[in-house]
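# Chain and residue survey
Okay, here's what each chain looks like letter by letter:
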Amino acid sequence: MTITHIGILVADLESAREHWSRATGFPFSPISRYRPPNWSDHGSPEPHLHDARLTFCLGDNPSIEILEFVGTGTHSPGKGEGGHHLSFPPLADNEARRRELAAAGLGIDGEFRIDGRLVFQFAEAGPLDNVYTEWVEEHPGHPDVKDDLSPVDRLPDGTKALFDVALGGRREPSGIVEFGVRVHDLGKSVALWSRVIGRTFSSSVSSSSSVSSSVSSSVSQGPGAAVRLVPAGQPHERPGLFSVTMEVADLDATRARLLAAGVPLSLVPGVEVDAGFLNGLTLRFRGRPG
Ligand SMILES: [Fe+2]
């Protein structure tokens, strides 16, 4: 399965949107809300209104979604800032996916239905190294509204436009080629990740900004952005999504752009935005091969 977006949870959506835009070089959508009236999660199992403010990166395949803390469960401040979920293309049958997740040992934490149809669910994050996976069904009733609660704009064909309608739905590739996930038990994580996302993993060696030496990791094969599972350097390091890697045509030009935009860079070889600027996530750039 290809990854359609990474979800990042933050305390202050406005400042995160501004920082991520400066760091990636892409505009982000006007802030909108996703408001299921009957959301249920482990924090509040009784169906209730879930009012999630969010913004998407104009760069796509995959994109970046930034979400603001809300509620007492899946999006609560207790989750902390940083990488939150990975999302996948819409499914024809979300109930079937749920059965497959259950067979892999993953329960559900966060869901809602429209007319009985399971249009949205998160598989629980804990077993998958603190990463939620987001599974959706295509449905015209997905509850998107503008930040002021007015209806979202529509393109001439009726599809929702979270970005300026003048763009006509056109979005360029983000250049994101990899998401890094810190794990505690590489063998166990490889087995579960490959089962959940349907990709094979191969051993790899990657340099890490948190340790001076190289570490062996495991990277998913197949189309679209990869998932790289990286063993935690220290037992206390929290598992989870910790890095995004983007390919760019000209690495020197990217470095110059970042410096001109006042984006703080890490003191490591290569071009890497300091995690403190991006809600705890590291954004790495690498030159496009060829
Ligand atoms: Fe999402």
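Residues numbered from 1 in each chain as written. Predicted model: local features only at pLDDT ≥ 70, side-chain atom pairs only at ≥ 80, totals over all residues. Heavy atoms only, no water.

An unreviewed UniProt entry lists the protein under the name VOC family protein, with Paractinoplanes bogorensis as the source organism.

### Notes on the overall build of the protein
Condition: Going along the chain from the N terminus, every DSSP run of H or I of four or more residues is numbered as a helix, and every run of E of two or more is numbered as a strand. We take the radius of gyration over the C-alpha atoms and set the globule estimate at 2.2 Å times the residue count to the 0.38 power. Whether a residue is buried, partly exposed or exposed follows from its accessible area with a 1.4 Å probe, protein chains only, as a fraction of its type maximum: under 20%, in between, or over 50%, in that order. Contacts: residue pairs with any heavy atoms within 4.5 Å of one another. Positive charges come from Lys and Arg alone, negative charges from Asp and Glu alone, with His and the N- and C-terminal ends not counted. Throughout, a charge is located at the NZ atom of Lys, the CZ atom of Arg, the CG atom of Asp or the CD atom of Glu.
When helices and strands are tallied, the protein shows 4 helices and 18 strands. Computed over C-alpha atoms, the radius of gyration of the protein comes to 19 Å, within 12% of the 19 Å expected from 2.2 N^0.38 for 290 residues, which places it in the range of a compact globule. Overall, the protein is about 55 × 45 × 35 Å in size when its C-alpha atoms are taken along their principal axes. Expressed as a percentage of the 290 residues in the protein, the buried residues total 50%. Sequence separation of 24 or more characterises 64% of the internal contacts of the protein that already satisfy a separation of 6 or more. If the 27 positive side-chain charges of the protein are averaged to one point and the 36 negative ones to another, these points end up 3 Å apart.

### Details of the domain arrangement of the protein
The test is simple: The start and end points of each domain follow an automatic or database-based domain assignment. Joining two parts hides part of their accessible area as seen by a 1.4 Å probe, and the buried area is that hidden amount summed over both. We define a salt bridge as a contact between a side-chain nitrogen of Lys or Arg and a carboxyl oxygen of Asp or Glu at a distance within 4 Å.
According to the domain assignment, the protein contains domain 1 (5-167) and domain 2 (176-287). Here the C-alpha centroids of domain 1 and domain 2 sit 22 Å apart. Contact between domain 1 and domain 2 buries roughly 2700 Å² in total, counting both sides, with carbon and sulfur atoms accounting for 67%. When the area that domain 1 buries against domain 2 is broken down by residue, the three leading residues are W20, R22 and D129, summing to 23%. Inspection of the domain 1/domain 2 interface yields 0 salt bridges.

### Details of the coordination of the iron ion
The following threshold applies: For Na, K and Ca the donor cutoff is 3.2 Å, while for all other metals N, O and S atoms count as donors only within 2.8 Å; water does not appear among the atoms, so some sites may look incomplete. For four-coordinate sites, all angles between 85 and 135 degrees define a tetrahedron; for four- and six-coordinate sites, opposite donors beyond 155 degrees with the remaining angles between 65 and 115 define square planar and octahedral shapes respectively, and all other cases count as irregular.
Within the protein, H5 (NE2), E65 (OE), H85 (NE2) and E134 (OE) serve as the donor atoms for the iron ion, at 2.1 to 2.2 Å. Coordination at the iron ion is irregular, judged from the 4 donor atoms that bind it and the angles of 83 to 147 degrees they form at the metal. On the primary sequence, the residues serving as donors to the iron ion are separated as H-x59-E-x19-H-x48-E. Here the residue H5 occupies a position in strand β1 (residues 5-10), and E134 occupies one in strand β8 (residues 132-136), the gap between them amounting to 129 residues. In terms of burial, H5 and E134 fall into one category: buried.

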